[in-house]
Amino acid sequence: MKEQISRLFGFTEQRNTNEEVRQIDVSQIDTSPFQPRTVFDDERIEELCQTIKTHGVIQPIVVRLRNDRYEIIAGERRWRAVTKLGYDTIPAIVREFNDAQTASIALIENLQREGLTAIEEAVAYQKLIELHQLTQESLAQRLGKSQSTIANKLRLLMLPEDIKLTLMERKITERHARALLSLDSEEMQLKVLEEIVTKDLNVKQTEARIAFLKESTKMKRAKRISFTKDVRLALNTIRQSIDMVSGSGLPIKTNEKDHEDHYEIIIQIPKR
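Note that the structure is a prediction, hence the values are computed from the model and not measured. (Residues numbered from 1 in each chain as written. Predicted model: local features only at pLDDT ≥ 70, side-chain atom pairs only at ≥ 80, totals over all residues. Heavy atoms only, no water.)

With that settled, consider the environment of I61. Considering the arrangement of structural elements, one finds I61 in strand β3 (residues 61–66). Classification of I61 as buried rests on a relative accessible area of 0%. C-alpha of I61 to C-alpha of W79: the two residues are 18 residues apart in sequence and 7.5 Å apart in space. (Helix = DSSP H or I, 4+ residues; strand = E, 2+ residues; numbered from the N terminus. Buried < 20%, exposed > 50% of the residue type's maximum accessible area, 1.4 Å probe, protein only.)

In this section: the packing of helix α5 (residues 118–132) against helix α7 (residues 147–155). Here α5 crosses α7 at 110°, and the two axes come no closer than 8 Å. By the angle between their axes, α5 is roughly perpendicular relative to α7. The handedness of the crossing between α5 and α7 comes out as left-handed. Residue-level contacts link A118, E121, A122, Y125, Q126 and I129 of α5 to I150, K153 and L154 of α7. (Axes fitted to C-alpha atoms, helices over the stretch in contact; angles between N-to-C directions. Parallel < 35°, antiparallel > 145°, perpendicular 65-115°, else oblique. Left-handed = near helix turned anticlockwise from the far one by under 90°. Contact = heavy atoms within 4.5 Å.)

Time to look at the sheet that holds strand β2 (residues 29–30). With mixed pairing, five strands are arranged side by side in an open sheet as β1-β5-β3-β4-β2. At either margin of the open sheet sits one strand with a lone partner, and together these are β1 (22–25) and β2. Strand direction decides the pairing type here: β3 and strand β5 (residues 89–94), joined by three bridges, are parallel. In the sheet register, V62 faces β5, and the bridge partner there is I93. Its contacts with the sheet place helix α4 (residues 99–111) against β3 and β4 (69–74), and it is angled at close to 45° to β4. (Pairing = 2+ DSSP bridges.)

Turning our eyes to something else, we now look at the confidence of the model for the protein. Taken as a whole, the protein shows an average pLDDT of 83; of its residues, 89% reach a score of 70 or greater. Confidence, expressed as mean pLDDT per element, reaches its minimum in the protein at helix α1 (residues 2–8) with 48 and its maximum at helix α9 (residues 174–180) with 95. Note on residues 1–5: pLDDT is under 50 here. Beyond four places in sequence and across chains, it has 10 contacts. (pLDDT = per-residue confidence, 0-100.)

Given 3.6 residues per turn, any residue in an α-helix points the same way as the ones three and four places further on. Every buried residue belonging to helix α6 (residues 136–143) is among S138, L139, A140 and L143, and all of these are buried. Just downstream of α6, G144 is the residue with a positive phi angle, here 70°.

Once that is clear, we can look at the pairing of β5. Within a regular beta strand, the side chains point alternately toward one face of the sheet and then the other, so they alternate between its two faces. Direction of pairing for β1 relative to β5: antiparallel, over a ladder of four bridges. If you follow D25 over to β5, its bridge partner there is T89.

Counted by the stated rule, this structure contains 11 salt bridges. Between D30 and R69 there is a salt bridge, and its shortest N-O distance comes to 2.7 Å. On the criterion of sequence distance, the pair formed by D30 in strand β2 and R69 in strand β4 is long-range, its members being 39 residues apart. On the basis of relative accessible area, D30 is assigned to the partly exposed category, the value being 31%. Judged by relative accessible area, which is 27%, R69 ranks as partly exposed. (Salt bridge = Lys/Arg side-chain N within 4 Å of Asp/Glu carboxyl O.)

A word on the packing of helix α2 (residues 42–55) against helix α3 (residues 76–85). Where α2 contacts α3, the two axes come as close as 9 Å, and the packing angle between them is 75°. The orientation of α2 relative to α3 falls into the category roughly perpendicular. Residue-level inspection shows D42, R44, I45, E46, L48, C49, I52 and K53 of α2 in contact with α3, the latter providing R77, R78, R80, A81, V82, K84 and L85. In terms of residue class, the contact of α2 with α3 is built from seven nonpolar, no polar and eight charged. (Nonpolar A, V, L, I, M, F, W, Y, C, P; charged D, E, K, R; others polar.)

Here it is as structure tokens:
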């Protein structure tokens, strides 16, 4: 499946049987700047270490030569496992790929594996769109996914950094994050995020909490608009009446105070 998708992006990662597999010094290899995966599961790496100790590195990693060193194109997890085991070398195939090809292979390789966070997946989609000048629909067709799946993932990139980090750390799920997107303000999103984490809210509880907040906000806005209009009308009426009485020659004194929950007007009318 991965090879079919690779061909849809204009190249293939399929191994040529004539390619030379070299034993390259582990210390001469650098990670790729195009690696979409930012979180590597230590438990999975340890499992891979045990497999390599038993069977060796079955599939060579793929690298390219950059500034007299080697840069990983595909196989960073294998390289990490071999490094952790303390091996001196790792079997590798050297390819000549430009930045766009290198980035695409790294993205596709990771998209075909389990374990990417929703944010890492979204970033990978966005980079593929930019690298190959695709629309969401054309990317979806190439990856065999629905356009709505791609769109929903990309929308996660609109979230505040704190929420994206929490999602990366798997403290909330993608469904939690998508629910937070329905809130208009970043302040409200972060407030609900704190409740999700501290109260361990599930998705259904989160959606209910968001629905309540949205309805409360709507009611407060409606009440505030109505209340402000009524108060302004009352104040104008009182002030106009005071002006009329003052205009008749009666020396009226007034003192207005704006309190948190009410407006106070004191009117002093002389008896003589």
